[in-house]
Amino acid sequence: MIEKIIRYCQINGITVSQEQAQLLNQYMTYMLEYNTHTNLTAITDPDQFVMKHFVDSLALLEEIGEIKAGMTLIDIGSGAGLPGIPLSIMLPELQVTMVEATNKKVTFINSAVEKLGLTNAKAVWGRAEELSGPGKPMREAYDISVGRAVASLPVMVEYCSPFTKVGGRMLAMKGPKTDMEPPYEKAAKALNLKQLSFKEIELKWEDPQQDTICRQIYSFRKVEKLSSKYPRKTGKAVKEPIC
Ligand code: SAM
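Residues numbered from 1 in each chain as written. Predicted model: local features only at pLDDT ≥ 70, side-chain atom pairs only at ≥ 80, totals over all residues. Heavy atoms only, no water.

As for the nonpolar core
Line of reasoning, step 1. Formed by 56 residues in total, the largest nonpolar core has its most connected members in Tyr27, Leu58, Ile64, Ile85 and Phe108.
Line of reasoning, step 2. The element contributing the most residues to this core is helix 2 (residues 18-34), with 9 residues.
Line of reasoning, step 3. When neighbours within four sequence positions are excluded, leucine 58 is seen to be in contact with Cys9, Ile14, Val16, Leu24, Pro86, Leu87 and Met90.
Line of reasoning, step 4. By size, the runner-up hydrophobic cluster in this structure holds 29 residues, among which are Ile74, Ala172, Tyr184 and Ala188. (Core = buried A, V, L, I, M, F, W, Y, C linked by side-chain atoms within 4.5 Å. Buried < 20%, exposed > 50% of the residue type's maximum accessible area, 1.4 Å probe, protein only. Helix = DSSP H or I, 4+ residues; strand = E, 2+ residues; numbered from the N terminus. Contact = heavy atoms within 4.5 Å.)

So, the site of the ligand
Line of reasoning, step 1. In the vicinity of the ligand there are 16 residues, among which Gly77, Leu82, Glu100, Ala128 and Arg148 approach most closely.
Line of reasoning, step 2. At 2.9 Å from a nitrogen atom of the ligand is found a side-chain nitrogen or oxygen belonging to glutamate 129.
Line of reasoning, step 3. Burial of the ligand by the protein amounts to 78% of the accessible area it has alone, namely 600 Å².
Line of reasoning, step 4. With respect to the pocket detection grid, the ligand is positioned in the largest pocket.
Line of reasoning, step 5. A per-class count over the shell around the ligand returns 6 nonpolar, 5 polar and 5 charged. (Near = heavy atom within 4 Å. Polar contact = N/O pair within 3.5 Å; in protein donor to acceptor, adjacent residues only side chain to side chain. Areas by Shrake-Rupley, 256 points an atom, 1.4 Å probe, with all protein chains shown as cover. 1 Å grid on protein atoms, 1.4 Å probe; cavity = no way out; pocket = protein on both sides within 12 Å on 5 of 7 lines; lining within 4 Å. Sits in = over half its atoms within 2 Å of the grid points. Nonpolar A, V, L, I, M, F, W, Y, C, P; charged D, E, K, R; others polar.)

Some words on the packing of aromatic side chains
Line of reasoning, step 1. Evaluation of the coordinates by the stated rule reveals 11 aromatic pairs.
Line of reasoning, step 2. Centre to centre, the rings of tyrosine 8 and tryptophan 205 are 6.3 Å apart; their planes meet at 75°, and the pair counts as edge-to-face. With tyrosine 8 in helix 1 (residues 2-11) and tryptophan 205 in the loop between strand 6 (193-203) and strand 7 (213-222), this pair connects stretches of sequence that are 197 residues apart.
Line of reasoning, step 3. Here the aromatic rings of tyrosine 27 and phenylalanine 54 are separated by 6.0 Å at their centres, their planes lie at 25°, and the arrangement is stacked. Within this pair, whereas tyrosine 27 is found in helix 2, its partner phenylalanine 54 is found in helix 3 (residues 46-58), the two being separated by 27 residues in sequence. Each member of the pair, tyrosine 27 together with phenylalanine 54, is buried. (Phe/Tyr/Trp six-rings, centres within 6.5 Å; stacked < 30°, edge-to-face > 60°.)

Concerning the layout of surface pockets
Line of reasoning, step 1. Here the largest pocket is characterised by a volume of approximately 550 Å³.
Line of reasoning, step 2. Gly77, Gly79, Arg148, Ala149 and Val150 are, among the 30 residues lining the largest pocket, the residues nearest its centre.
Line of reasoning, step 3. Of the residues forming the lining of the largest pocket, the biggest block, 3 residues, is contributed by helix 3.
Line of reasoning, step 4. In this model, the second largest pocket occupies a volume close to 270 Å³.
Line of reasoning, step 5. Lining the second largest pocket are 15 residues, with Asn12, Ile14, Ala59, Glu62 and Ile201 positioned closest to its centre.
Line of reasoning, step 6. Elements represented by at least two residues in the lining of the second largest pocket include exactly helix 4 (60-64) and strand 6.
Line of reasoning, step 7. By residue number, the principal contributor to the lining of the second largest pocket is strand 6, which donates 4 residues.
Line of reasoning, step 8. Residue composition of the lining of the second largest pocket, by class: 8 nonpolar, 2 polar and 5 charged. (Points joined across faces, edges and corners; volume = space filled by probe spheres on them.)

Take a look at the structure:
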């Protein structure tokens, strides 16, 4: 499996060392074993897992770009640690914090972090809206905020911007573009985010006959300190999105 992880990543332009692939494999094995008693992922086929969890999460590396020692990243709605754990394996100088509302998932992440010996990753239990309010230590404290498959974009900007430093970036990763995606521009503006880019990417399988996996990555810059009215109280971003 280790060679397969390296190959699947390489086909998609991601260079993974033997040691990093070993850690990714250890994480996958542990998650699939844990999944037999605690629901963490619907993807249990190892080939699908490598593509849809690892290659997919690591597609963010290009957007993240160069990392300086001590830079911080927060992964909102991390689930079982995606993309946070693969990113912390690939970027050991980056300090990764994963926020997750479901306690049993946080327990899994922290146990995986310990098992893998990752010293630059940790998970925090709580709702994004509650951890990032005015005066909270996590508010506007991270260089980069990310979220994969958590909520619609107007909701994601309200979850992520309050954690992002002024001058920092927010990256949101979503599945294939649908006509159902609501407009997000008004919400991004209200949350002091300026859009930098939008990319549609296609993850390729080893067999070129197999359908590619389409993903979208939205990138924003936090341009100004956030008004204390954001984030609104828990659940409001979902019930009454800004746009
Ligand atoms: N990012 C992971 C991935 O790509 O596999 C998990 C995606 S899962 C569909 C969404 C996760 O976001 C769930 O585990 C859920 O508990 C978490 N979540 C949703 N709203 C949240 C919030 N307001 N604060 C923290 N976590 C939240």
